Amino acid sequence: MTSSPPHYIPQSDPPLPPWETLPTMYDLPSDNPEEPGLPDDFHFLQPLLLYLTFQPINWNPELVYSAADLNLYYDLEHPLWYKRPDWFGVVGVGKLYKGQDLRLSYVTWQEPANPFVVIELLSPGTEDEDLGTKRESPADKPPSKWEVYERILRIPYYVVFSRYTNELRAFQLVGGHYEPMNLTNGYLLMPEIDLSLGLWQGSFRDIERLWLRWFTLAGELIPAPTEEAAAATQRAMIAEQEATEAKQEAAQAKRKVEKLAERLRQLGVNPDELDELL
């Protein structure tokens with residue numbers, strides 16, 4: 001009895017790259033209702049403020065991308081594994097997937113760059129994983145967020161903020177490991193993108209509290225579009241007020257000149273002749 005020749009799966013020569021063979025964002029799930037951490041108003045508003053003020057000065061705005069609560073797929077060997085950061089920012093990546101479509105997820109093997117900075121907002125159910133205090137996961141289980149950001153994606157900056165304690169902690173990738181960052185005059189400096197991150201006491205969407213937002217390296221506030229519009233309106237009102245005051249001052253000066261001229265005429269002096277003599 002002759003055995004049939006073994007069946008081989010045809011391979012391309014050379015092998016196709018992962019972005020052509022592995023699942024794309026259209027193939028992978030974009031949500032998971034079992035993900036720990038409950039959504040709340042803060043988890044909507046805080047990432048929104050970060051999104052609106054993430055404007056790296058030295059990058060073309062068309063090549064700056066950020067997202068909140070979006071699946072981040074990271075492992076070529078386990079393409080279904082993902083993390084879901086509260087917010088992350090990327091530079092060197094267009095706002096649309098392949099310049100054509102809004103992203104359903106961020107699939108790293110389909111994108112030209114990994115995230116540059118990730119921000120997690122601490123929740124009671126996610127603190128251990130967010131801060132890397134959770135024991136390392138078994139080889140057959142997905143790694144923690146800390147492991148993914150530090151060892152797999154090697155994201156340069158990782159920031160953790162607690163709205164319960166208003167504590168801001170940040171880590172920078174140094175030699176392949178996260179090292180704690182120190183604040184410089186109250187800001188976390190990221191010179192590669194000419195930005196800094198800091199806490200700001202103010203009103204956003206009519207809610208007054210301590211917010212995390214982006215600043216310039218010099219600590220100047222980067223305004224959100226609504227704040228910029230409000231500032232422009234205020235500047236216009238100030239300019240209008242100054243113009244009105246200037247008109248009023250000119251009218252007062254004119255009335256004083258007219259009163260003086262009338263007084264001179266009463267004294268028998270022609271003010272027009274005074275002009276000629278002068």
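Residues numbered from 1 in each chain as written. Predicted model: local features only at pLDDT ≥ 70, side-chain atom pairs only at ≥ 80, totals over all residues. Heavy atoms only, no water.

Let us now look at the pattern of salt bridges. Tallying each qualifying case throughout the model produces five salt bridges. For Arg103, the salt bridge is made with Glu111, and the minimal N-O distance between the two is 2.8 Å. We note that Arg103, like Glu111, is buried. Close ionic contact of Glu167 with Arg169 constitutes a salt bridge, the shortest N to O distance being 3.5 Å. (Salt bridge = Lys/Arg side-chain N within 4 Å of Asp/Glu carboxyl O. Buried < 20%, exposed > 50% of the residue type's maximum accessible area, 1.4 Å probe, protein only.)

What follows deals with the confidence of the model for the protein. Mean pLDDT over the protein works out to 84, with 81% of the residues at or above the 70 mark. The spread of mean pLDDT over the elements of the protein runs between helix H6 (residues 271-277), the lowest at 64, and strand E4 (residues 87-91), the highest at 98. (pLDDT = per-residue confidence, 0-100. Helix = DSSP H or I, 4+ residues; strand = E, 2+ residues; numbered from the N terminus.)

Moving on, we get to the nonpolar core. With 34 residues, the main nonpolar core has Phe54, Val117, Ile119, Val159 and Trp214 as its most contacted residues. Of all the secondary structure elements, the ones that give two or more residues to this core are helix H2 (41-53), E4, strand E6 (117-121), strand E7 (157-162), strand E8 (167-174), strand E10 (187-190), strand E11 (195-204) and strand E12 (207-216). With six residues, H2 is the single largest residue contributor to this core. The residues contacting Phe54, other than those within four sequence positions of it, are Val64, Tyr65, Ser66, Trp87, Gly89, Val90, Val91, Val117, Ile193, Leu195 and Trp214. (Core = buried A, V, L, I, M, F, W, Y, C linked by side-chain atoms within 4.5 Å. Contact = heavy atoms within 4.5 Å.)

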